[in-house]
Amino acid sequence: MRKKIVVGNWKMNKTVAEGRELASAIIEQLGEDVIDCEVGIAPAYPVLGEVGKVIENGDVRLVAQNCHYEDDGAYTGEVSTRMLDSLGCSYIIVGHSERRQYFGETNRTVNLRLKKALAEGMQVIMCIGETLEEREGGITESIVTSQVREGLADIDDLSGVVLAYEPVWAIGTGKTATPEQADAVHASIRATIRDMYGEAAAKELRIQYGGSVKPSNAVELFSMPNIDGGLIGGASLKADDFVAIVRAAG
Ligand code: PGA
């Protein structure tokens, strides 16, 4: 049985003080309840350290929104996996559609980042998903398949990898894929993984859904057979909503 995973992607929101406050509220609302779901929060780089201190004694994981693929050196504005490790991050998100869309990331650079994070002993959430144009053009499956194949190039062991299917047209737009639409793509991703890594790996791999997940649609989405939790943007900026979504998974 795959353990669900829900991660709040704060994107470029929250200062250090605001991040501390949000993380404290999340911890408080989760309380002592046993929740059968892995939970993570992904603040922006400058906020990671302080949020890490707020959550250090609990089960909530510290997640970074990206990383660079070199050890260190002259890469102004970039952050290495070793730096993220030293802040207590256990997961790194790679390939978010906003990185692909606004910052020129490609399947190849996503693959480099993913390999670096895994080599550093960290776990990775690799995001994939089609644009509206691609969906309307009927090429969702082929786009997502090539993102999976190229993003995972040279990776033999998937145990440190989570995938997040995030249709670009559903991110921050209020338009969610229907549970059936999402599950159909998740099933095709799982079939690709089966083809690449075999049945056992395909059964174990967790595939999150992301794109306008809210407390009101989370239960339905997370009850689909191939959806193993969510990557949450807007709704993760409010403790009540985020915790309600976590409870929907756990
Ligand atoms: P959203 O973002 O929940 O605001 O749609 C999801 C994401 O980009 O991870």
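Before reading on, note that the structure itself is shown above.
Note that the coordinates shown come from a computational prediction; the quantities given were computed from them, not determined experimentally.

Undergrad: How should I be thinking about the packing of helix α10 (residues 215-222) against helix α11 (residues 239-249) in this particular structure?
TA: Describing two packed helices takes the angle between their axes plus the distance from one axis to the other. In contact at an axis separation of 9 Å, α10 and α11 are set at 20° when each is read in the N-to-C sense. One way to sum up the angle between α10 and α11 is to call them roughly parallel. In terms of crossing hand, the pair formed by α10 and α11 is right-handed. For the pair formed by α10 and α11, the contact residues are Pro215, Ala218, Val219 and Phe222 on the first element and Asp241, Ala244, Ile245, Ala248 and Ala249 on the second. For the contact of α10 with α11, the class distribution of residues is eight nonpolar, no polar and one charged.

Undergrad: Just checking my understanding: could you explain the site of the ligand for this structure?
TA: The environment of the ligand is made up of 13 residues, and the closest members are Lys11, His96, Glu166, Gly172 and Ser212. Side-chain polar atom of lysine 11 to an oxygen atom of the ligand: 2.7 Å apart, as the coordinates give it. At 2.6 Å, a side-chain N or O of glutamate 166 approaches an oxygen atom of the ligand. Expressed as a share of its isolated accessible area of 280 Å², the protein-covered part of the ligand is 95%. Residues belonging to the shell around the ligand are distributed by class as follows: four nonpolar, seven polar and two charged.

So, how was this worked out
Residues numbered from 1 in each chain as written. Predicted model: local features only at pLDDT ≥ 70, side-chain atom pairs only at ≥ 80, totals over all residues. Heavy atoms only, no water. Axes fitted to C-alpha atoms, helices over the stretch in contact; angles between N-to-C directions. Helix = DSSP H or I, 4+ residues; strand = E, 2+ residues; numbered from the N terminus. Parallel < 35°, antiparallel > 145°, perpendicular 65-115°, else oblique. Left-handed = near helix turned anticlockwise from the far one by under 90°. Contact = heavy atoms within 4.5 Å. Nonpolar A, V, L, I, M, F, W, Y, C, P; charged D, E, K, R; others polar. Near = heavy atom within 4 Å. Polar contact = N/O pair within 3.5 Å; in protein donor to acceptor, adjacent residues only side chain to side chain. Areas by Shrake-Rupley, 256 points an atom, 1.4 Å probe, with all protein chains shown as cover.

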